[in-house]
Amino acid sequence: MLSGEYQHSLDAKGRTILPVKLREEIGDSFYVTRGFEGCLAIYSKEEFEKLGAAISALPGNMHEVRRLRRTIITGAHPCEVDKQGRFVIPPQLRVPAKLEKDIVIVGNVDHAEIWDKDAWNDYLYGEDSMSLEEAAEALRAEGLSM
């Protein structure tokens, strides 16, 4: 299970370090694609194949399915970690996610996420953020107990 929060930065070429703890689970070869709430998602090859299979199993005549395919699958970029533990986030993903310098990489169960540092802090603590208590209460009907 992927977990943790790691502060990093991007260099001028769009490279950053994949934290060792996450790399142990994800591997040295993985996919980066668009995620929810403006972040990017990192999937191991295995998890990305599972995601692709799940999306492919959905009816292609549904607008929402086509949107997922076009956004997540076509936006995916294969990445490799170099000898220094760095990987490149391509501009076509970096720009819409507003990743410029300071970033946060977080483990999120089956994938990791890359956030602009300010966007991450706003997501957690901003005026429109949902508190942990509100989220837990909303998910109680789904069987979550904390």
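You'll find the structure just up there.
Below you will find a few notes about this structure. In this text, all values refer to a predicted model and were calculated from it rather than measured experimentally. (Residues numbered from 1 in each chain as written. Predicted model: local features only at pLDDT ≥ 70, side-chain atom pairs only at ≥ 80, totals over all residues. Heavy atoms only, no water.)

Thoughts on the environment of Ala136
- With respect to the helices and strands, Ala136 occurs in helix α6 (residues 132–139).
- Spatially, the C-alpha atoms of Ala136 and Cys39 are 22 Å apart, while their sequence positions differ by 97 residues. (Helix = DSSP H or I, 4+ residues; strand = E, 2+ residues; numbered from the N terminus.)

Here we look at the packing of aromatic side chains
- Inspection of every chain in the model, using the stated rule, returns six aromatic pairs.
- Geometrically, the ring pair formed by Phe30 and Phe87 is edge-to-face, given 5.1 Å between the ring centres and 85° between the ring planes. Taken together, the residues Phe30 in strand β3 (residues 29–34) and Phe87 in strand β6 (residues 86–88) connect sequence positions 57 residues apart. Residues Phe30 and Phe87 agree in their burial class; the two are buried.
- Ring centres of Trp120 and Tyr123 lie 6.2 Å apart, and the angle between their planes is 20°; this geometry places the pair in the stacked category. Of this pair, Trp120 and Tyr123 both sit in helix α5 (residues 117–125), three residues apart, which is roughly one turn of the helix.
- Judged by its relative accessible area of 9%, Trp120 is buried.
- Judged by its relative accessible area of 41%, Tyr123 falls in the partly exposed class. (Phe/Tyr/Trp six-rings, centres within 6.5 Å; stacked < 30°, edge-to-face > 60°. Buried < 20%, exposed > 50% of the residue type's maximum accessible area, 1.4 Å probe, protein only.)

Here we look at the pairing of strand β7 (residues 102–108)
- Across the seven residues of β7, five count as buried, placing the element largely inside the fold.
- Across five bridges, strand β1 (residues 5–9) lies against β7 in antiparallel orientation. Along β7, the bridge assignment pairs Ser9 with Asp102.
- Relative to strand β8 (residues 111–116), β7 runs antiparallel, the two sharing six bridges. Bridge pairing links Ile103 to Asp116 in β8. (Pairing = 2+ DSSP bridges.)

A look at the packing of helix α2 (residues 45–56) against helix α3 (residues 63–73)
- Where α2 meets α3, the axes come as close as 10 Å, and the angle between the chain directions of the two elements is 155°. On the basis of the axis angle, α2 is roughly antiparallel to α3. In this structure, α2 crosses over α3, and the sense of that crossing is left-handed. Every residue of α3 that contacts α2 at Phe48, Leu51, Gly52, Ile55 and Ser56 is listed here: Val65, Leu68, Arg69, Ile72 and Ile73.
- Here the contact of α2 with α3 is composed, by residue class, of seven nonpolar, two polar and one charged. (Axes fitted to C-alpha atoms, helices over the stretch in contact; angles between N-to-C directions. Parallel < 35°, antiparallel > 145°, perpendicular 65-115°, else oblique. Left-handed = near helix turned anticlockwise from the far one by under 90°. Contact = heavy atoms within 4.5 Å. Nonpolar A, V, L, I, M, F, W, Y, C, P; charged D, E, K, R; others polar.)

Some remarks on the nonpolar core
- Residues Phe30, Val32, Ile42, Phe87 and Ile114 are the most contacted members of the largest nonpolar core, which totals 21 residues.
- Counting only elements with at least two residues in this core, the list comes to α1 (20–26), β3, β4 (40–44), β7 and β8.
- For Phe87, the contacting residues outside a window of four places in its chain are Gly14, Arg15, Thr16, Ile17, Leu18, Phe30, Val32, Ile42, Cys79, Glu80 and Ile114.
- Within the second largest apolar cluster, five residues are counted, among which are Cys39, Val104, Val106 and Trp115. (Core = buried A, V, L, I, M, F, W, Y, C linked by side-chain atoms within 4.5 Å.)

A short note on the pattern of salt bridges
- For the coordinates displayed, the defined rule picks out five salt bridges.
- The partner of Asp28 in a salt bridge is Arg23, and the shortest N-O contact between them spans 3.6 Å.
- Taking the shortest distance from any N to any O, the salt bridge between Lys50 and Glu47 comes out at 3.3 Å. Highlighted residues: Lys50 and Glu47, both in helix α2, separated by three residues, approximately one helical turn.
- The class for Glu47 is buried, based on a relative accessible area of 19%. (Salt bridge = Lys/Arg side-chain N within 4 Å of Asp/Glu carboxyl O.)

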